[in-house]
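Here is how the chains run, residue by residue.
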Amino acid sequence: QVQLVESGGGLVPAGGSLRLSCVVSRSIFRINTMGWYRQAPGNQRELVARISSGGTTNYADSVKGRFTISRDNAENTVYLQMNNLKPEDTAVYYCNVVDSIGGRYWGQGTQVTVSS
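Conventions and cut-offs
- Residues numbered from 1 in each chain as written.
- Predicted model: local features only at pLDDT ≥ 70, side-chain atom pairs only at ≥ 80, totals over all residues.
- Heavy atoms only, no water.
- Helix = DSSP H or I, 4+ residues; strand = E, 2+ residues; numbered from the N terminus.
- Rg over C-alpha atoms; globule rule 2.2 N^0.38 Å.
- Buried < 20%, exposed > 50% of the residue type's maximum accessible area, 1.4 Å probe, protein only.
- Contact = heavy atoms within 4.5 Å.
- Areas by Shrake-Rupley, 256 points an atom, 1.4 Å probe, with all protein chains shown as cover.
- Phe/Tyr/Trp six-rings, centres within 6.5 Å; stacked < 30°, edge-to-face > 60°.
- Lys NZ or Arg CZ within 6 Å of the ring centre and 35° of its normal.
- Core = buried A, V, L, I, M, F, W, Y, C linked by side-chain atoms within 4.5 Å.
- Salt bridge = Lys/Arg side-chain N within 4 Å of Asp/Glu carboxyl O.
- Pairing = 2+ DSSP bridges.
- Axes fitted to C-alpha atoms, helices over the stretch in contact; angles between N-to-C directions.
- Polar contact = N/O pair within 3.5 Å; in protein donor to acceptor, adjacent residues only side chain to side chain.

Participant: Please explain the overall build of the chain as it appears in this structure.
Facilitator: Broken down by element type, the chain carries zero helices and 11 strands. For 116 residues, the compact-globule estimate of 2.2 N^0.38 gives 13 Å, and the chain sits close to it at 13 Å. C-alpha atoms of the chain, sized along the principal axes, occupy 40 × 25 × 25 Å. Evaluated residue by residue, the chain yields a buried proportion of 42% over its 116 residues. Here the analysis covers contacts within the chain between residues at least 6 apart in sequence; of these, 54% occur between residues at least 24 apart. Within the structure as shown, the chain displays about 6100 Å² of accessible surface, and the carbon and sulfur contribution to it stands at 46%.

Participant: Just checking my understanding: could you explain the packing of aromatic side chains for this structure?
Facilitator: Aromatic ring pairs are reported here in terms of the distance separating the ring centres and the angle at which the planes meet. Under the counting rule described, the total for this entry stands at one aromatic pair. Ring geometry for Tyr37 versus Trp106: centroids 5.0 Å apart, planes at 70°, classification edge-to-face. Within this pair, whereas Tyr37 is found in strand 4 (residues 31-39), its partner Trp106 is found in strand 10 (residues 104-106), the two being separated by 69 residues in sequence. Directly above the aromatic system of Tyr79 lies the positively charged group of Arg19, at a separation of 4.0 Å from the ring centroid.

Participant: Help me understand the nonpolar core, please; the structure alone is not making it clear to me.
Facilitator: Nonpolar side chains tend to gather and get buried jointly when the protein is soluble and globular. Ranked by internal contacts, the top residues of the largest apolar core, which has 28 residues, are Trp36, Leu80, Met82 and Tyr93. Elements supplying a minimum of two residues to this core: strand 3 (18-24), strand 4, strand 5 (46-51), strand 7 (67-72), strand 8 (77-82), strand 9 (91-99) and strand 11 (110-115).

Participant: Can you walk me through the pattern of salt bridges in this structure?
Facilitator: Side chains bearing opposite charge may pair, as long as their charged atoms lie close to each other. For the structure on display, the rule yields four salt bridges. One salt bridge connects Lys64 with Asp61, and the closest N-O pair in it is separated by 3.1 Å. For the pair shown, Lys64 and Asp61 are each scored as exposed. Salt-bridge contacts for Asp89 lead to Arg66; the nearest nitrogen and oxygen are separated by 2.8 Å. You can see Asp89 sitting in the loop between strand 8 and strand 9 and its partner Arg66 sitting in the loop between strand 6 (57-59) and strand 7, a full 23 residues away along the chain.

Participant: Even after reading the chapter, I still don't get the sheet that holds strand 7, so can you show me in this structure?
Facilitator: Sheet strands line up and pair through hydrogen bonds in the backbone, either parallel or antiparallel. Taken in spatial order, the four strands line up as 1-3-8-7 in an open sheet, and their pairing is antiparallel. Whereas interior strands pair on both sides, the edge strands pair on one side only; in this sheet they are strand 1 (4-7) and strand 7. The sheet shows a mean angle of 15° between the axes of neighbouring strands, taken without regard to direction. Note: strand 1 against strand 3, four bridges, orientation antiparallel. Bridging across to strand 3, Ser7 finds its partner in Ser21.

Participant: How should the environment of Arg38 be read in this particular structure?
Facilitator: Checked against the element boundaries, Arg38 lands in strand 4. A sequence separation of 52 residues divides Arg38 from Thr90, and the C-alpha atoms of the two residues are 8.7 Å apart. Sequence-distant contacts of Arg38, defined by excluding residues within four places in its chain, comprise Gln44, Arg45, Glu46, Val48, Ser62, Val63, Phe67, Glu88, Asp89, Ala91, Val92 and Tyr93. Within the structure, Arg38 has its side chain in polar contact with the side chain of Ser62 (distance 3.3 Å). Within the structure, the side chain of Arg38 is placed 3.0 Å from the side chain of Asp89, a separation counted as a polar contact.

Written out as structure tokens, the structure reads:
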């Protein structure tokens, strides 16, 4: 059974930092893209950042320069370092992976709350 286990969410003041982690179970044979999405109340789920198997990264304009995505292929783990957090970053953050045949998998989500 495929599992994506996220951790690292929490409550921080504006300007603070958090680091999210997502460990992917080894039942996914070949992981291609790994990424983070977020969903705030009343909003659609949106892409925050993603990283390809080759290390190419994409970021939402709203987080460029503040967030950094990275991955450890040996540990099947993806990270999201979030700096200079703003109240508008408050959301549930979801880990997402896409395997080599297009299968998509989601984590259960971790809450990030930024106080003003």
